[in-house]
Amino acid sequence: MGSRQAAAFLLGCVAALTVVVLLLQRRPEELTSRAPLLQVFGGGGAGPSPSPSQSSSSSPPADSNNTTAAAGDPRLPPPPNHGEDEDEDEDEEEFRGLAAAVSRAATADDRTVIITCVNQAWAAPGSLLDLFLESFRVGDGTAPLLRHLLIVAMDAAAMARCRALHPHCYLYSPARGVDFAPAKPFLSRDYLELVWSKLRLQRRVLRLGYSLLFTDADVLWLRNPLKHVTAYADMTVSCDVFFGDPDGVDNFPNTGFFHVRPNSRTIAMAAAWHRARDRFPGKNEQPVFNAIKKGLVADLGLRLQYIDPAFVAGFCSYGRDLGKVCTMHANCCVGLRAKITDLRTLLHDWKNYTAMPHWAKHQAKWTVPGACIH
């Protein structure tokens, strides 16, 4: 009997070892498969969102989380060794409390956080922030994602409004002498300071070791877009013009919605992107990224992919199938009032679509965003 037990044990060990070897020899193409939802956003994300009174990021605890995560943590990217402006570009005082705010909002398992930025004009009652948050609540399976949304307020009034609506808020006022509260004319001096400041904050989040999904607040979230982010890509970005190939570098990016993972390539990318501002005076961050994207791929080895607008859509280019769309962005649209008008109409379209019987949903159509496109 003893010899039979020993033989059975030996055969079990051999079988287990065979399974491990097979797993380690997976085909390379399996590494580029779509990341499952629970892998991307796990850690209890399906529970109810805490009330705004339960958590606030305006007064973070004074601990080591207010700077950077501990050195040597295997989850963090290796220290970057690119760029001479490392010290001046990362001002600890400028980002005081950010690490604690991101930590509270991020998923526990894969350290992913959704971030949007608002000023007083975008956060005011009846403005874009209300539509943005409502879309999560009425979307298909998007309400749990609110647990991982960090709203970055660019002024004190926006911060106060955020606290009234959402548990995860962070006050970021990077530029002295600039009032970020009012609506900014497109490409004005203050507008440019606002959008380039967002890039500094995004880079800081990467250096803290978190995956980042940045979304403008003029985006409706109707389904989970992370289903369309592959495990292969360092950066996955929406696009205004899509030529059919997600790996095609000639697609036109829209940097109002992108996912990026923390590693040496993406940290170097963010630094190079910010430095390129001086080469393109008067330009916002999106056309500058479009101008340098080929160099980022060639020189840094950045793994850049684009999402089909049929899934991550915008007014520039959007799929007409409401059964596929995950997000709708009020891009190719200038003016706060026009964005609010058309996004409110499209959110109404979505509510009508979800109320339809299953057999009739294929007939649903978007209303043409007439305030923006005319």
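In the nomenclature of an unreviewed UniProt entry, the chain corresponds to Nucleotide-diphospho-sugar transferase family protein from the organism Zea mays.

Novice: Describe in detail the overall build of the chain, supporting the description with residues and values.
Specialist: The secondary structure content of the chain amounts to 11 helices and 10 strands. Residues counted as buried form 50% of the 374 residues belonging to the chain. Partitioning the intrachain contacts of the chain with sequence separation of at least 6 by distance along the chain shows that 74% fall at a separation of at least 24. Counting every atom, the chain has about 17,700 Å² of accessible surface; 56% of that belongs to carbon and sulfur.

Novice: Before we move on, can you summarise the environment of Ser-135 with the specific residues and values?
Specialist: Tracing the sequence through the fold places Ser-135 in helix 6 (residues 128–138). Along the sequence, Ser-135 and Leu-343 sit 208 residues apart, while their C-alpha atoms lie 9.9 Å from each other. Discounting chain neighbours no more than four positions away, the residues touching Ser-135 are Thr-142, Val-219, Leu-220, Trp-221 and Leu-347.

Novice: Explain helix 9 (residues 264–275) to me, using residue names and the numbers behind them.
Specialist: If you check helix 9, its first and last C-alpha atoms are 17 Å apart, about what 12 residues at 1.5 Å a residue would give, namely 16 Å. Most of helix 9 is tucked away: 9 of the 12 residues are buried. Sitting at the amino-terminal end of helix 9 is Asn-263, which places a side-chain oxygen 2.9 Å from the backbone nitrogen of Arg-265.

Novice: Residue-level account of unusual backbone geometry, with values.
Specialist: Trans is the common state for peptide bonds, and a negative phi is the common state for residues other than glycine. Non-glycine residue Arg-111 carries a positive phi angle of around 55 degrees. Inspection of the secondary structure assignment puts Arg-111 in the loop between helix 4 (98–105) and strand 1 (112–118). Although it is not a glycine, Cys-332 sits at a positive phi angle of roughly 50 degrees. Looking at the element boundaries, Cys-332 is found in the loop between strand 10 (327–329) and helix 11 (336–355).

Novice: Outline the state of the cysteines, supporting the account with residue identities and numerical values.
Specialist: Scanning the model with the defined rule gives 3 disulfides in all. Cys-162 shares a disulfide with Cys-169; S-S distance 2.0 Å. Looking along the S-S bond of the Cys-162-Cys-169 disulfide, the torsion reads about -90 degrees, which is the left-handed sense. Summarising the burial analysis for this pair, Cys-162 and Cys-169 share the class buried. Each sulfur in the disulfide pair Cys-333 and Cys-372 lies 1.9 Å from the other. When the S-S torsion is -60 degrees, as for the bridge of Cys-333 with Cys-372, the disulfide is left-handed. With Cys-333 in the loop between strand 10 and helix 11 and Cys-372 in the segment after helix 11, the pair connects residues that are 39 residues apart, well separated along the chain. Like Cys-372, Cys-333 is buried. Here the bonded cysteines of the chain are numbered in sequence order, and their pairing is 1-2, 3-4, 5-6.

Novice: Help me get a handle on the packing of aromatic side chains, residues and values and all.
Specialist: Both the distance between ring centres and the angle between the ring planes are used here to describe each pair of aromatic rings. In this structure the tally under the stated criterion is 9 aromatic pairs. Here the aromatic rings of Trp-273 and Phe-289 are separated by 4.8 Å at their centres, their planes lie at 55 degrees, and the arrangement is tilted. Here Phe-289 lies in helix 10 (residues 285–300) and Trp-273 lies in helix 9, a separation of 16 residues in the sequence. An identical accessibility class is assigned to Trp-273 and Phe-289; each is buried. The rings of Phe-132, Phe-136, Trp-221 and Phe-257 are connected pair by pair, giving a single aromatic cluster.

Novice: Summarise the pattern of salt bridges; cite the residues concerned and give the values.
Specialist: Taken as a whole and judged by the stated rule, the model has 10 salt bridges. Between Glu-134 and Lys-351 there is a salt bridge, and its shortest N-O distance comes to 2.4 Å. Highlighted residues: Glu-134 in helix 6 and Lys-351 in helix 11, separated in sequence by 217 residues. The residue Lys-294 makes a salt bridge to Asp-250 at a minimum N-O spacing of 3.1 Å. Taken together, the residues Lys-294 in helix 10 and Asp-250 in the loop between strand 6 (235–241) and strand 7 (252–260) connect sequence positions 44 residues apart.

Novice: An account of the pairing of strand 4 (residues 211–215) is needed here, citing residue identities and associated values.
Specialist: Judged by how many residues are buried, strand 4 sits mostly within the fold: 5 of 5 residues are covered. Residues Ser-211, Leu-213 and Thr-215 line one face of strand 4 and the alternating positions Leu-212 and Phe-214 line the opposite face, and both faces are buried. Note: strand 1 against strand 4, 4 bridges, orientation parallel. Among the inter-strand pairings, Val-113 is bridged to a residue of strand 4, identified as Leu-212. Here strand 4 pairs with strand 7 via 4 bridges, running antiparallel. The partner of Leu-213 across the bridge, within strand 7, is His-259.

Novice: I'd like to hear about the nonpolar core, residue by residue, with values.
Specialist: Formed by 49 residues in total, the largest nonpolar core has its most connected members in Val-118, Trp-221, Phe-315, Met-328 and Trp-366. Only strand 1, helix 5 (120–123), helix 6, strand 2 (149–153), helix 7 (156–165), strand 5 (219–221), strand 9 (312–314) and helix 11 provide two or more residues apiece to this core. Among the elements that take part in this core, helix 11 stands out by supplying 7 residues, more than any other. The contacts of Phe-315, once residues within four sequence positions are left out, are Met-328, His-329, Ala-330, Asn-331, Cys-333, Asp-342, Leu-343, Leu-346, Pro-369, Cys-372 and Ile-373. One finds Ala-106, Met-154, Phe-258 and Val-260 within the second-largest nonpolar core, a separate group that totals 47 residues.

Reading the values: the criteria
Residues numbered from 1 in each chain as written. Predicted model: local features only at pLDDT ≥ 70, side-chain atom pairs only at ≥ 80, totals over all residues. Heavy atoms only, no water. Helix = DSSP H or I, 4+ residues; strand = E, 2+ residues; numbered from the N terminus. Buried < 20%, exposed > 50% of the residue type's maximum accessible area, 1.4 Å probe, protein only. Contact = heavy atoms within 4.5 Å. Areas by Shrake-Rupley, 256 points an atom, 1.4 Å probe, with all protein chains shown as cover. Expected span 1.5 Å × (residues − 1). Polar contact = N/O pair within 3.5 Å; in protein donor to acceptor, adjacent residues only side chain to side chain. Disulfide = S-S within 2.5 Å. Phe/Tyr/Trp six-rings, centres within 6.5 Å; stacked < 30°, edge-to-face > 60°. Salt bridge = Lys/Arg side-chain N within 4 Å of Asp/Glu carboxyl O. Pairing = 2+ DSSP bridges. Core = buried A, V, L, I, M, F, W, Y, C linked by side-chain atoms within 4.5 Å.

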